[in-house]
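What the coordinates show
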Amino acid sequence: MTDQTFRFPRFFVTAPSPCPYLPGKMERKVFTELRGEDAVELNEALSRIGFRRSQNVVYRPSCEGCNACVSVRVLAQRFAPSQTQRRIMRRNDDIEVSVCEPWTTPEQFDLLRAYLGERHPDGGMTRMDAYDYAEMVEQTPVNTLIIEYREPMADGRQGRLIGCCLTDRQADGLSMGYSFFDPAHPARSGLGTFIIMDHIRQAAAAGLDYVYLGYWIEGCERMSYKTRFRPIERLTTRGWKLVDAVETAA
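What comes next concerns the included structure. (Residues numbered from 1 in each chain as written. Predicted model: local features only at pLDDT ≥ 70, side-chain atom pairs only at ≥ 80, totals over all residues. Heavy atoms only, no water.)

1. With respect to the state of the cysteines
- One pass over the full model with this rule turns up 0 disulfides.
- Cys63 takes part in no disulfide bond, and the closest cysteine sulfur to it belongs to Cys66, at a distance of 5.7 Å.
- Note on Cys165: no disulfide assigned, nearest cysteine sulfur contributed by Cys164 at a separation of 8.5 Å.
- According to the relative accessible area criterion, Cys165 is buried, its value standing at 0%. (Disulfide = S-S within 2.5 Å. Buried < 20%, exposed > 50% of the residue type's maximum accessible area, 1.4 Å probe, protein only.)

2. A short note on the nonpolar core
- Judged by nonpolar contacts, the single largest core of 44 residues is most densely connected at Val74, Leu112, Tyr133, Phe180, Ile200, Leu213 and Phe229.
- Those elements giving two or more residues to this core turn out to be strand S7 (69-75), helix H3 (106-119), helix H4 (130-138), strand S9 (144-150), strand S10 (161-169), strand S11 (173-181), helix H5 (191-205) and strand S12 (210-217).
- With near-sequence residues (within four places) excluded, Tyr133 lies in contact with Thr104, Thr105, Gln108, Phe109, Leu112, Met128, Ile146 and Phe180. (Core = buried A, V, L, I, M, F, W, Y, C linked by side-chain atoms within 4.5 Å. Helix = DSSP H or I, 4+ residues; strand = E, 2+ residues; numbered from the N terminus. Contact = heavy atoms within 4.5 Å.)

3. Looking at the environment of Pro9
- Following the sequence through the fold, Pro9 ends up in the segment before strand S1 (12-13).
- Exposure remark for Pro9: the relative accessible area of 9% places this residue in the buried category.
- Sequence separation between Pro9 and Asp155 is 146 residues, and the spatial gap between their C-alpha atoms is 53 Å.
- Leave out the neighbours within four places in its chain, and Pro9 touches Thr32 and Leu42.

So, to be careful, I would describe these as geometric facts and stop short of saying anything about function.
In structure tokens form, the structure reads like this:
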């Protein structure tokens, strides 16, 4: 953190509600608004202590009797892909990657709907309409990008959109806000893994140290993929610590 003086933010706590990740648990979040001239600096400072951004708000879990949500980040400069991850990269190395301004398109929204319908049919995001999606992407006080992943151009035509990620660029890394992709593509298995690995590649090429993956949640199988990208750090009460392979295997 620099010597710059920040506006001291006001924090609020949400009312408890059912946890969408762990059955029988209740979730509660502490949050504050990002606004004013120091929004970028405040967002980055809070992200280093486990906060995540959603539009112009940053939040962190603050659940009574539960600390399963753990912030994790990949060390981009030291990333060592597994054999499976290398195969996924080779299989998809013809995908065209475009870094775009945070503006939404009907094509993106259609892909999001297909992804949610297949992967998260009971999730709260399935109720989003095009206006909600535009708010999610375009209402940002920080340096936000939409990274598009397309099939190769054919016959002079742009390839079909098969993946997207809403990403914040920070001083020390890339923060992956939300990614979605074609979950039923007949020849593109591992698209989610590919998108993360592409972010690691982009961060390393730009001289950035980290790719922030959000929260790994102990006991939640659908979040277990995050610790497959090594080396990776988790946020503890004593700061960021390297995750040991034995620890995640236990």
